[in-house]
Amino acid sequence: METPGSQSSLHRANLERVVRAVRLAGSLTQAEIARTTGLSAATVSNIVRELKDGGTVEVTPTSAGGRRARSVSLSGDAGIVIGVDFGHTHLRVAVGNLAHQVLAEESEPLDVDASAAQGFDRAEQLVNRLIAATGVDRSKVAGVGLGVPGPIDVESGTLGSTAILPGWTGTKPAEELQGRLGVPVHVDNDANLGALGELVWGSGRGVRDLAYIKVASGVGAGLVINSKIYRGPGGTAGEIGHITLDESGPVCRCGNRGCLETFAAARYVLPLLQSSHGTDLTMEGVVRLARDGDPGCRRVIADVGRHIGSGVANLCNLLNPSRVVLGGDLAEAGELVLGPIRESVGRYAIPSAARQLSVLPGALGGRAEVLGALALALGEMGDSTLLDGSLTAVTPAFT
């Protein structure tokens, strides 16, 4: 048993600090580890050597700033994590290793009228299939990240009543899936996971404060403050879709009138074009037609962009993020939607906040949420597990 404050406990703490930095970043040079952890270059060099000899990390030659360097990542066979993303019309699952490499990924349609139990059964089947496809031993699964399209109560883990999926309200998604898979499951809403995915792998890399705006069947935001997801005490932070734009506007599913969602979400936007473009139109189709020059679709997308920009301006005035990343099908419209967003931000945000803001499309497309689920699982696992080499003992295999 190590004595707190002893040389051995300090060494153990430094080992865990280095492993955590590498685990969260995916890979770092030794110089980057030193900057991230605050440890000296000599200490980092010794720790990396020890971790490499123990099989915890892998070291590969690389270059940084034109100079030769060594890139450090967790060993590819140290364990795996799983990401599960439930959307309004899809289920997507990914399997990744602790070095941030995606080993397998698959998506399939999801009937929005399916019960929660059917949805979780489908997820269990897809997870098992992908695990088998990777050939990795099931005992290597360290945890699962789960995304759902609605707010999660922080204390109870219950899915809130504003969820997009009918019949899921009041369920406890993490508990349901953990009971099926037999491994720790960590849950968050899809916008937060989209923000996490873009922060780790996409358009949010290199910034500490950002907002990820997802526009699909609903409108939500994932907020990153000081490199961490901000959820609020009840887990409902980021419900930008319910900012009021017009007190006399359409009635929203939340019960209020004129929410941003009623001017930007697919369920409200598509009917504007049905008389001229038919009832089978989707947001993906609207974006495609707009990019091909369709004047009606271009006008609708520009209007949606201006409305989103009003909501983003409010975020700028309150939180002053350095970057806003737009996700969902709408992001594929590029400057057709980003330009109007910037226009509204410039008009309604405090000038200093608007000048500091960059508005970018997501780099990950429809994969942002499932990759964010992988990042969530990576972020929640303990580093002592890796150092002790006891992954099998603390994470039971699938049933």
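Since the structure is predicted, the reported quantities are computational estimates derived from the model, not experimental observations.

## A few points about the overall build of the protein chain
Part 1 of the reasoning: Within the protein chain one finds 16 helices and 13 strands.
Part 2 of the reasoning: Along the longest, intermediate and shortest principal axes, the C-alpha atoms of the protein chain span 70 × 50 × 40 Å.
Part 3 of the reasoning: Taking all contacts inside the protein chain whose residues are at least 6 apart in sequence as the whole, residues at least 24 apart take part in 62%.
Part 4 of the reasoning: As displayed, the protein chain has an accessible area near 17,700 Å², and 48% of this comes from carbon and sulfur atoms.

## Brief notes about helix 14 (residues 368-380)
Part 1 of the reasoning: For helix 14, which comprises 13 residues, the first-to-last C-alpha distance of 18 Å matches the rise-based estimate of 18 Å (1.5 Å per residue) to within 8%.
Part 2 of the reasoning: Among the residues of helix 14, those classed as buried are Ala368, Glu369, Val370, Leu371, Gly372, Ala373, Leu374, Ala375, Leu376, Ala377 and Leu378.

## Side note on the pattern of salt bridges
Part 1 of the reasoning: Applying the stated rule across the entire model yields 15 salt bridges.
Part 2 of the reasoning: With a shortest N-O distance of 2.7 Å, Glu108 and Arg122 are connected by a salt bridge. Here the residue Glu108 occupies a position in strand 6 (residues 102-109), and Arg122 occupies one in helix 4 (residues 116-134), the gap between them amounting to 14 residues.
Part 3 of the reasoning: For Glu108, a relative accessible area of 17% gives the class buried.
Part 4 of the reasoning: A salt bridge links Asp188 to Arg231, with the shortest nitrogen-to-oxygen separation between them at 2.6 Å.

## Re the sheet that holds strand 1 (residues 27-29)
Part 1 of the reasoning: One open sheet accounts for three strands, arranged 1-3-2; its pairing is antiparallel. Of all strands in the sheet, those bounded by a partner on one side alone are strand 1 and strand 2 (57-64). Put simply, the sheet's adjacent strands are angled 30 degrees from each other on average, direction ignored.
Part 2 of the reasoning: Direction of pairing for strand 1 relative to strand 3 (residues 67-74): antiparallel, over a ladder of three bridges. Residue pairing for strand 3: Thr29 is matched across the bridge by Ser71.
Part 3 of the reasoning: Against the sheet, helix 2 (residues 30-37) contacts strand 1 and strand 3, and its axis sits at roughly 95 degrees relative to strand 1.
Part 4 of the reasoning: In the packing of helix 3 (residues 41-53) onto the sheet, the strands contacted are strand 2 and strand 3, and the crossing angle to strand 2 comes to about 135 degrees.

## With respect to the packing of aromatic side chains
Part 1 of the reasoning: With the rule as written, the count across this model stands at three aromatic pairs.
Part 2 of the reasoning: Arranged with centres 5.6 Å apart and planes meeting at 85 degrees, the rings of Phe86 and Phe120 form a pair that is edge-to-face. In this pair, Phe86 is assigned in strand 4 (residues 80-86) and Phe120 in helix 4, connecting sequence segments 34 residues apart. Both residues of the pair, Phe86 and Phe120, count as buried.

## Topic: the state of the cysteines
Part 1 of the reasoning: This model, assessed by the stated rule, comprises zero disulfides.
Part 2 of the reasoning: Lacking any disulfide linkage, Cys254 is separated from the closest cysteine sulfur, that of Cys259, by 3.7 Å.
Part 3 of the reasoning: Given the relative accessible area of 32%, Cys254 is considered partly exposed.

## A short note on the nonpolar core
Nonpolar side chains in soluble globular proteins generally cluster together in the buried interior.
Part 1 of the reasoning: Counting residues in hydrophobic clusters, the biggest one holds 45 residues, and the most contacted among them are Ile33, Leu51 and Leu196.
Part 2 of the reasoning: Counting only elements with at least two residues in this core, the list comes to helix 1 (7-25), helix 2, helix 3, strand 2, strand 3, helix 6 (190-201), strand 9 (210-215) and helix 14.
Part 3 of the reasoning: No other element matches the nine residues that helix 14 contributes to this core.
Part 4 of the reasoning: Excluding anything up to four places from it in sequence, Leu196 contacts Ile229, Gly372, Ala375 and Leu376.
Part 5 of the reasoning: Of all hydrophobic cores here, the second largest spans 41 residues; its members include Leu260, Val304, Leu338 and Val345.

## Points about the sheet that holds strand 12 (residues 323-327)
Part 1 of the reasoning: With mixed pairing, the five strands of this open sheet are ordered in space as 11-10-9-12-13. Edge positions in the open sheet fall to strand 11 (228-230) and strand 13 (358-361), since each of these has one partner strand only. Averaged over all pairs of adjacent strands, the angle between strand axes in this sheet comes to 25 degrees, irrespective of strand direction.
Part 2 of the reasoning: Sheet topology note: the strand 12/strand 13 ladder contains four bridges and is parallel. Looking at strand 13, one finds that Arg323 is bridged to Ser358.
Part 3 of the reasoning: Sheet contacts for helix 11 (residues 295-319): strand 9, strand 10 (219-225) and strand 12; angle to strand 9, the most-contacted strand, approximately 160 degrees.
Part 4 of the reasoning: Packed onto the sheet, helix 12 (residues 335-348) meets strand 12 and strand 13 and runs at close to 160 degrees relative to strand 13.

## Structural notes on the UniProt feature "domain: HTH marR-type" (unreviewed entry) in the protein chain
Part 1 of the reasoning: According to UniProt, the feature "domain: HTH marR-type" (unreviewed entry) maps to residues 18-68 in the numbering used here.
Part 2 of the reasoning: In this annotation, residues 18-68 is assigned 57% helix and 25% strand; the end-to-end C-alpha distance for the span is 21 Å.

## Describing the pairing of strand 6
Part 1 of the reasoning: Across seven bridges, strand 5 (residues 90-97) lies against strand 6 in antiparallel orientation. Across the sheet, residue Val93 finds its bridge partner in strand 6, namely Glu106.
Part 2 of the reasoning: Between strand 5 and strand 6, which follow one another and run antiparallel, lie four residues, and His100 among them has a positive phi close to 70 degrees.

## A look at the confidence of the model for the protein chain
Part 1 of the reasoning: Mean pLDDT over the protein chain stands at 89; residues scoring 70 or higher make up 93%.
Part 2 of the reasoning: In this model, residues 390-399 is a region of pLDDT below 50 whose contacts with residues beyond four sequence positions or in other chains number 27 contacts.

Criteria and cut-off values
Residues numbered from 1 in each chain as written. Predicted model: local features only at pLDDT ≥ 70, side-chain atom pairs only at ≥ 80, totals over all residues. Heavy atoms only, no water. Helix = DSSP H or I, 4+ residues; strand = E, 2+ residues; numbered from the N terminus. Contact = heavy atoms within 4.5 Å. Areas by Shrake-Rupley, 256 points an atom, 1.4 Å probe, with all protein chains shown as cover. Expected span 1.5 Å × (residues − 1). Buried < 20%, exposed > 50% of the residue type's maximum accessible area, 1.4 Å probe, protein only. Salt bridge = Lys/Arg side-chain N within 4 Å of Asp/Glu carboxyl O. Pairing = 2+ DSSP bridges. Axes fitted to C-alpha atoms, helices over the stretch in contact; angles between N-to-C directions. Phe/Tyr/Trp six-rings, centres within 6.5 Å; stacked < 30°, edge-to-face > 60°. Disulfide = S-S within 2.5 Å. Core = buried A, V, L, I, M, F, W, Y, C linked by side-chain atoms within 4.5 Å. UniProt positions renumbered as here; feature names shortened; annotations may be inferred. pLDDT = per-residue confidence, 0-100.

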